[in-house]
Each structure stands twice: as structure tokens, then as C-alpha cells.
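# Coordinates in review
Each chain, written out:
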Amino acid sequence: MKIIAVIPARYASTRFPAKLLQDLGGKSVIVRTYEAALQTNLFDDVFVVTDSELIYNEIVTNKGKAIMSIKEHESGSDRIAEAVENMAVDIVINVQGDEPFIDAEPLQKVIEVFKNDTDKKVDLASMMFEIKDKTEIENPNNVKVIVDQQNFALYFSRSIIPYPRAENVGVRYMKHIGIYAFRKKALLDFYSLPMLALEASEKLEQLRYLEYGKRIKMVETTHASIGIDTPEDLEKARKLI
């Protein structure tokens, strides 16, 4: 089973333009992320795929592997699908470019999903962790997920799901972490299928997979990812470095 990591990297960012090229302890954020992915030793190969010549040159200059997108893309999945379409790979892991503090343990867990899936019932695997703070639960920037008894995703939403009409019934609120592991076929299917109403409404690409009947296995973790979405996040990351 050939497993690769692909880091989709856009130059533009609504909240923090050019954040991937910001300095983080003597190296750019994107180089830190690329090197962290390599250092997990979980992948047969690691690539950055980008629409930016600046990011492409940054990776190549630092002896990394980068791919320039040919088309414009609305989602990370589309960008990755174009990059791997003609690669001989089985499993593709989407690593977020703005998360330079990669922990190998969660990535290992999503890879194990496919190694244990002998019947090939899983199309994607992703991560979630429990949140208990009311403000966190209500925050639309925190994507919530509900799952069935086998931890297959039923729905993702920016809203509170499930709605707490009755309290103290044992409901747990799970936040989705944007680590994805794809079977290559599921990724290419996504690439060829049009966006439907749920994805368009919530602006969550994972809903396209559910709308077309793909099965997403969720893995619970206690590891909360550390992303860089704002200048304030960058300052915190510099202190960690």
C-alpha cells in the first residue's frame, strides 16, 4: 500500500494573506510544515501542491518537492486530486499547510484505518475530538460532526449538532479536525462530481462526499491541532518554536 502526504498551499488567505511564507523560527511556515510531515516517517513521499510560484519556489529552494496546480480550485480536495491523478498511489493524506506542529500519532491512526479495512468499506478517514466549552460548541468556525455507532460520519455542520433540546442525555460534541486520508478513487470521484446544496450552504467540502454516498470513518483523538489562521496565532507559534 503506497501512502503519500500532500500539502495544499494557497498564497491567498482571507484572514491572513501570505501566512504560509511568514517566518517561524528562521524558516517559513510552509517549510516547517513540509519538514514536519517528512519527519513523521509515515509516508512514502511528501509533496506541496500550490497555485503560487512564491510557495513553489520556497519549497524547491529548500530541497522539497512541489507541484504547481494547472487549474483554479475551490477546495483542497480538488487541488490534491489534480496533483495525484496520474500517480500510482493508494492512500493520500491531506496535511494542512498552516499546521507546522504535526503530531505523528493522529496521522498514524488514520493510516491504520485503511490498513485494517480489508473489505474496503472506508472511502475517507478523518479526525475529531470532544469539546465541552459552550462558546466553542456554538462557534461556527468550529465544524462539528456527528457519527453512528461505528464512528462513520453522519453529518458535519457549523451549527450546533445535535441540537440540545434535552440536556443531560449523554450527548458529546465533537469538533472536526481537518486531517483527511483518502482512497485515491474517492478523491478522484470528488474531483469529477459537482457541488450540491449542502456543501454550497455550509461551505464544507466533506459534505460532498456524504451527499454522494461516500463513507467517512472518524477517529477520535485528544490531540487538538495547532493552526496558524491569524497574526496572533503566528506569534503564539513563534513562542512554541
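You'll find the structure just up there.
A brief structural summary. (Residues numbered from 1 in each chain as written. Predicted model: local features only at pLDDT ≥ 70, side-chain atom pairs only at ≥ 80, totals over all residues. Heavy atoms only, no water.)

Counting through the fold element by element, M68 comes out in strand β5 (residues 66-68). Among the residues examined, M68 registers a relative accessible area of 31% and is labelled partly exposed. Once residues lying within four places of it in the same chain are set aside, the contact partners of M68 are T50, D51, S52, E53, Y56 and E82. (Helix = DSSP H or I, 4+ residues; strand = E, 2+ residues; numbered from the N terminus. Buried < 20%, exposed > 50% of the residue type's maximum accessible area, 1.4 Å probe, protein only. Contact = heavy atoms within 4.5 Å.)

Let us look at unusual backbone geometry. Note the cis peptide between I161 and P162, where omega equals -5°. With a phi angle near 55°, K120 is a residue other than glycine that sits in the positive phi range. Tracing the sequence through the fold places K120 in the loop between α4 (104-115) and β7 (124-131). Of the residues examined, K120 reaches a relative accessible area of 62% and is grouped as exposed.

Where helix α1 (residues 29-39) meets helix α2 (residues 53-61), the axes come as close as 10 Å, and the angle between the chain directions of the two elements is 50°. When the axes of α1 and α2 are compared, the pair comes out oblique. In the crossing of α1 with α2, the sense of the turn from one axis to the other is right-handed. Residues I30, V31 and Y34 of α1 form the contact with α2, whose participating residues are I55, E58 and I59. A per-class count over the contact of α1 with α2 returns five nonpolar, no polar and one charged. (Axes fitted to C-alpha atoms, helices over the stretch in contact; angles between N-to-C directions. Parallel < 35°, antiparallel > 145°, perpendicular 65-115°, else oblique. Left-handed = near helix turned anticlockwise from the far one by under 90°. Nonpolar A, V, L, I, M, F, W, Y, C, P; charged D, E, K, R; others polar.)

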